[in-house]
Amino acid sequence: MKTKKQPNILLTGTPGVGKTTLGKELAERTGLTYVNIGDLAQEGQLFDGYDDEYQCPILDEDRVVDELDEKMSEGGVIVDYHGCDLFPERWFDIVFVLRTDNTQLYTRLEARGYTGKKLQDNVQCEIFQTIYEEAMEAYSKEIVHQLPSNTPEDMEHNLEQIVHWTEQWMKDHN
């Protein structure tokens, strides 16, 4: 495997915490390639059925990994997805789990049209730190970091932190 010149970053967290907003802006500021797994799956029809209870397609995780593997080995990719344990550990140099206050998250998800079980389960997922625990089990603890994502100020602070980390990574590895 050739040496990467740029890091791979995973942005993960419950739906509605701000992964997409952060990821797109981060790509803009760093020149890294932004990949939203939902969009990738939609474009390539990387699904394995439909979940009637949650009213959404079921991701074909193996096909998603196959689709991204070469791009990930080259480096310079920001991956945005609400799950994290489907990706190979070797892919990421750092993992950021975005966290949002439950009341705010509830409001954001309601605004997206989430209702009933889908809404409740996603808020509970945030309350019980499900994604953070998944990340801690799936990746080396040293590369997993939680970031607050409640306000525009949080977003700006997170961007500055990750841009700085990216610049430092590139200095250290090139």
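In this text the structure is predicted, and so the values were computed from the model without any measurement.

The rules behind the values
- Position numbers for residues count from 1 along each chain, tracking the sequence in the order it is written.
- Side-chain atom pairs in this predicted model are given and counted only at pLDDT of 80 or more, local residue features only at pLDDT of at least 70, and totals for whole chains, interfaces and linings cover all residues.
- Side-chain numbers here rest on the full set of heavy atoms in the structure, without hydrogens or water.
- Every axis corresponds to a line fitted to the C-alpha atoms, with the helix fit spanning only the stretch in contact, and the corresponding angles, defined between N-to-C directions, vary from 0 to 180 degrees.
- Numbering of helices and strands starts at the N terminus; helices are DSSP runs of H or I of at least 4 residues and strands are runs of E of at least 2.
- What sets the label is the angle itself: under 35 degrees gives roughly parallel, over 145 gives roughly antiparallel, 65 to 115 gives roughly perpendicular, and the rest give oblique.
- In what follows, a contact means two residues having at least one pair of non-hydrogen atoms within 4.5 Å.
- All amino acids are sorted into three groups, where Ala, Val, Leu, Ile, Met, Phe, Trp, Tyr, Cys and Pro are nonpolar, Asp, Glu, Lys and Arg are charged, and the leftover types, Gly among them, are polar.
- In summary, the pairing rule links any two rings of Phe, Tyr or Trp, Trp by its six-membered ring, whose centres are within 6.5 Å, and it sorts them by plane angle into stacked for under 30 degrees, edge-to-face for over 60 and tilted for everything else.
- To sit over a ring, a charge needs its Lys NZ or Arg CZ within 6 Å of the ring centre and within 35 degrees of the ring normal.
- For this analysis, a nonpolar core means a set of buried residues of the types Ala, Val, Leu, Ile, Met, Phe, Trp, Tyr and Cys, connected via side-chain atoms within 4.5 Å.
- Only protein chains enter the accessibility calculation, which uses a 1.4 Å probe; a residue whose area is less than 20% of its type maximum is buried, one above 50% is exposed, and one in between is partly exposed.
- Strands pair, by our definition, only if DSSP identifies at least two bridges between them.

## Notes on the packing of helix α2 (residues 37-44) against helix α3 (residues 61-74)
For any two helices packed against each other, one specifies the inter-axial angle together with the distance between the axes. It is at 11 Å that the axes of α2 and α3 come closest, and there the two elements cross at 95 degrees. The orientation of α2 with respect to α3, classified from their angle, is roughly perpendicular. Every residue of α3 that contacts α2 at Ile-37, Leu-40 and Gly-44 is listed here: Arg-63, Val-64, Glu-67 and Leu-68. Of the residues belonging to the contact of α2 with α3, the class tally is four nonpolar, one polar and two charged.

## With respect to the packing of aromatic side chains
One pass over the structure, following the stated rule, counts five aromatic pairs. Judged by centre distance (5.8 Å) and plane angle (80 degrees), the ring pair of Phe-87 and Phe-92 falls under edge-to-face. Ring-pair connections join several aromatic residues into one group, and the members of that group are Tyr-81, Phe-87, Trp-91, Phe-92 and Tyr-139. Here the guanidinium or amino end of Lys-118 rests over the ring plane of Tyr-114, the centre of that ring lying 4.6 Å away.

## Remarks on unusual backbone geometry
Positive phi values are uncommon outside glycine, yet Gln-55 reaches one of about 55 degrees. Note that Gln-55 resides in the loop between β3 (47-51) and β4 (56-59).

## With respect to the nonpolar core
Ranked by internal contacts, the top residues of the largest apolar core, which has 30 residues, are Ile-37, Phe-87, Phe-92, Val-95, Tyr-139 and Val-144. Contributions of two or more residues to this core are made by α2, α3, β5 (77-80), β6 (94-99) and α6 (130-138). Counting residues per element, this core draws most heavily on α6, which supplies five residues. Non-local contacts of Ile-37, meaning those with residues more than four positions away in its chain, are made with Leu-59, Val-64, Leu-68, Val-79, Asp-80, Tyr-81 and Phe-87. Counting 22 residues, the second-largest nonpolar core is a separate cluster that includes Val-17, Tyr-114, Val-123 and Leu-159.

## Brief notes about the sheet that holds strand β7 (residues 144-148)
Read from one edge of the open sheet, five strands run β2-β5-β1-β6-β7, paired in parallel fashion. Of all the strands in the sheet, the pair left with one neighbour each is β2 (33-36) and β7. Each strand of the sheet is rotated relative to its neighbour by a mean of 20 degrees, with strand direction disregarded. Bridge analysis of β2 against β5 gives four bridges, and the strand direction is parallel. Following the sheet pairing, Tyr-34 is matched in β5 by Ile-78. Contacts from α2 reach β2 and β5 within the one sheet, and its direction differs from that of β2 by about 70 degrees. Contacts from helix α7 (residues 152-173) reach β1 (9-12), β6 and β7, with the element oriented near 150 degrees to β7.

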